[in-house]
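Residue strings, one per chain:
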Amino acid sequence: MKRHPVLLVAASVIATVIGVQTLGCGAARSARSIAAEQVYVPPGELDKYYGFLSGGQSGSVFVIGVPSGRLIREIPVFEPRAAYGYALLESDPRRQLLESTGGLWGDTHHPMLSEKGGIFDGRYLWINDLANGRLARIRLDRFEADRIIKLPNLQGAHGIAVVSPDTKYVVVNGEFEQPTDGMVTNPAPYTSVVAFVDPESMEVKFEVRVNGNIDIADTSKDGRYAFSTVYNLEQGKDMGSMIQYDRDAVAAIDIPAAEAAVAAGKGEVRNGVPILDPAEVTGILTLIPVPKNPHGVNATPDGRYVIASGKLSPTVTIIDAHTLQIVAEPEVGLGPLHTTFDNRGNAYTSLFLDSQVVKWNIDKAVAGADDYIVDRINVHYNIGHLQAVGGDSMKPAGNYLLALNKLSKDQYLPVGPDLPENQEIIDISGEKMKMLAAFPTPPEPHDATFLEASVLEPIVQQVYTPGEDAVVAGQESVVRTGPGSVQVNMTLLRSAYTPDSFEVREGDEVTLKITNVETIRDMIHGFALPDHGFNMALPPGDTQVRTFKAGKPGVYWFYCTNFCSALHLEMRGRMVVQPKDSVITLTDWHSGANVAGQVVPGVPSTGASQ
Ligand code: K7E
Ligand code: CUA
Ligand code: CA
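The structure presented is a predicted model; accordingly, all values stated were derived computationally and were not measured. (Residues numbered from 1 in each chain as written. Chains lettered and ligands numbered in written order. Predicted model: local features only at pLDDT ≥ 70, side-chain atom pairs only at ≥ 80, totals over all residues. Heavy atoms only, no water.)

Q: How would you explain the site of ligand 1 if you had to name every residue and give the values?
A: By nearness alone, every residue bordering ligand 1 is listed as His109, His110, His158, Ile216, His295, His338, Gly384, His385, Lys406 and His446. A class-by-class count of the residues in the shell around ligand 1 yields one nonpolar, eight polar and one charged. (Near = heavy atom within 4 Å. Nonpolar A, V, L, I, M, F, W, Y, C, P; charged D, E, K, R; others polar.)

Q: Break down the pattern of salt bridges for me, with residues and values.
A: Within the structure shown, the criterion is met by 28 salt bridges. Asp92 is paired through a salt bridge with Arg94; the nearest N and O atoms lie 3.0 Å apart. Among the charged side chains, a salt-bridge network with shared partners connects Arg209, Glu268, Arg270 and Asp277. (Salt bridge = Lys/Arg side-chain N within 4 Å of Asp/Glu carboxyl O.)

Q: How would you sum up the packing of aromatic side chains? Please name residues and give values.
A: According to the stated counting rule, one finds 14 aromatic pairs in the structure shown. Where Tyr50 meets Phe143, the ring centres are 5.6 Å apart and the plane angle is 45 degrees; that geometry is what we call tilted. Taken together, the residues Tyr50 in strand 1 (residues 49-54) and Phe143 in the loop between strand 6 (134-139) and strand 7 (144-150) connect sequence positions 93 residues apart. Across the pair, Phe143 and Tyr50 agree in class, each one buried. Positioned over the ring face of Tyr381 is Lys409, at 4.2 Å from the centre of the ring. Cation over ring: Arg572 sits above Trp557, and NZ or CZ is 4.9 Å from the ring centre. (Phe/Tyr/Trp six-rings, centres within 6.5 Å; stacked < 30°, edge-to-face > 60°. Helix = DSSP H or I, 4+ residues; strand = E, 2+ residues; numbered from the N terminus. Buried < 20%, exposed > 50% of the residue type's maximum accessible area, 1.4 Å probe, protein only. Lys NZ or Arg CZ within 6 Å of the ring centre and 35° of its normal.)

Q: Could you give an account of the coordination of the calcium ion (ligand 3), with specific residues and numbers?
A: For the calcium ion (ligand 3), the full set of protein donor atoms is Tyr231 (O), Glu234 (OE), Glu234 (OE), Met242 (O), Asp248 (OD), Asp248 (OD) and Asn293 (OD1), at a range of 2.4 to 2.6 Å. Look at where the donors of the calcium ion (ligand 3) fall in the sequence and you get Y-x2-E-x7-M-x5-D-x44-N. In this structure, Glu234 and Met242 share a single accessibility class: buried. (Donors = N, O, S within 2.8 Å, 3.2 Å for Na, K, Ca; no water.)

Q: Give me unusual backbone geometry: which residues, what numbers.
A: The linkage connecting His380 with the following residue, Tyr381, adopts the cis geometry, with an omega of -5 degrees. The residue Tyr381 is located in the loop between strand 26 (373-378) and strand 27 (383-388) in this model. Put simply, Thr498 and Pro499 share a cis peptide bond, and its omega is -5 degrees. One non-glycine residue with positive phi stands out, namely Met202, at about 60 degrees. Topologically, Met202 is positioned in the loop between strand 11 (190-197) and strand 12 (204-210). Not every positive phi belongs to a glycine, and Asn213 is a case in point at roughly 65 degrees. In this structure, Asn213 sits in the loop between strand 12 and strand 13 (214-219).

Q: Give me the pairing of strand 30 (residues 434-441): which residues, what numbers.
A: With seven bridges connecting them, strand 29 (residues 421-427) and strand 30 associate as antiparallel partners. By the bridge assignment for strand 30, Gln423 is matched with Phe439. Adjacent in sequence and paired antiparallel, strand 29 and strand 30 are bridged by six residues. (Pairing = 2+ DSSP bridges.)

The following block contains the structure:
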């Protein structure tokens, strides 16, 4: 942007003059209304595509509708989220999983959809956690993270990709190098690995050593190669030494060759995973020299090429995806980061420094023609990723492109020193790109991917199928399971808790098992318990279990946090906490009668003095 200030000012003056002279106010408006109509989805109508945006340091995934840009859902993954009752309490298994794999936050960058025949099949979405070296899988029948794994032997899980065309593996690049021997025995050389994860079992099958900070990932469309950009071939440990070479590399791992080596028992097993070292196992790794501190790497939908973006070079490098030879290195602009594609042989590259999307023709660039640049459009501002609908599959739609911009500057009402990120939807159906609309998001989407809504239509579930452990209506109970422990088995149905009261003693370990016995989609009930640090949100059919310590003596009204009926406000109940050594008898919630201890259907009560 800052390169040609004079030219830009001149261009905008000319545009204004032309606007006034030839278009006039009315015509300008009509161009606006045409753009507005392209993204306007009237109330009651649905978007054509799902857009999955990484949540960056929000640790989650944002789901938007395309073309409207409306936020439909946030899928909590690596961070607790009160609104969904996600991972709030120690006893929530999801929180335990997060804590045991790296902590209660994540940095998500790259949402990747499962593929069948090179087309997104709507089963899974994977998302990385750069900060803590994790990979999560989201099942799209529920829009819910169902597996989270810690990747052994790597740090900085950055680039991820599914191996086309049938999702044989999910590839994860460890960006931050570690001492080769896994210990801090300087001056051991540093290295990192690319991990190959089984998409169903989520086991890491093998890893391949690659030196030099492996960044973004993609795979060839035939499943032969896993490509990664390598930006620190210098293996420098500070910034100055990372930018010494004019060329770093794209690493191409030959997947069948690596599989054969693993099958032959090669590789050192560390933390249960065989690590193949290309210095010892020849033929598994090819380093293709590309300029300079490259960032994105993207395979063309037809599978012919893979394109690396220069970042510190104004070029992209076009590599033949079969021979691994460089076929062209066209200039595209300043700060090229990522590339996506339409269905007419064009590539679209994000230019971070120029704050532009540049459209260029692949065949013309390969042929060395002068006119390979087709169009440029300004974006606002400092674009990172960009993604066209289906541009990361074998079937690009060629209609919409999303620009994911790091800065929004003057685009929204100021909200203090920290402004939102800015996403822009661009029409790429014609020769010239057209800016259609923008929408702000919380921090911070890096990448996006899109799925046709019709693919998920038969897949998305309406209610949870109650599990075998579900509490059945009519069989609710409050059970004193020991001198210091109580189990409450509860059901939820509009708009009441059953039981709607239970008594415990201070310091009791209370295990609360709740089933929402509703059978209607979206009939969610919440369970918020004051001063005990958690909320639950139970979709229909869902069962959740939480264990917590009963607080100070008193009456605690638990209540429903999700609006559910006209009696939603009345959906309340009491947890009565008696003093620890109380000799006061507790109440049977069935009959209201005072009993010694707590009523225990089928199990003898424990006396109050215990
Ligand atoms: Cu370019 Cu993590 Cu994909 Cu961000 S990375 S922009
Ligand atoms: Cu249940 Cu509100
Ligand atoms: Ca470098």
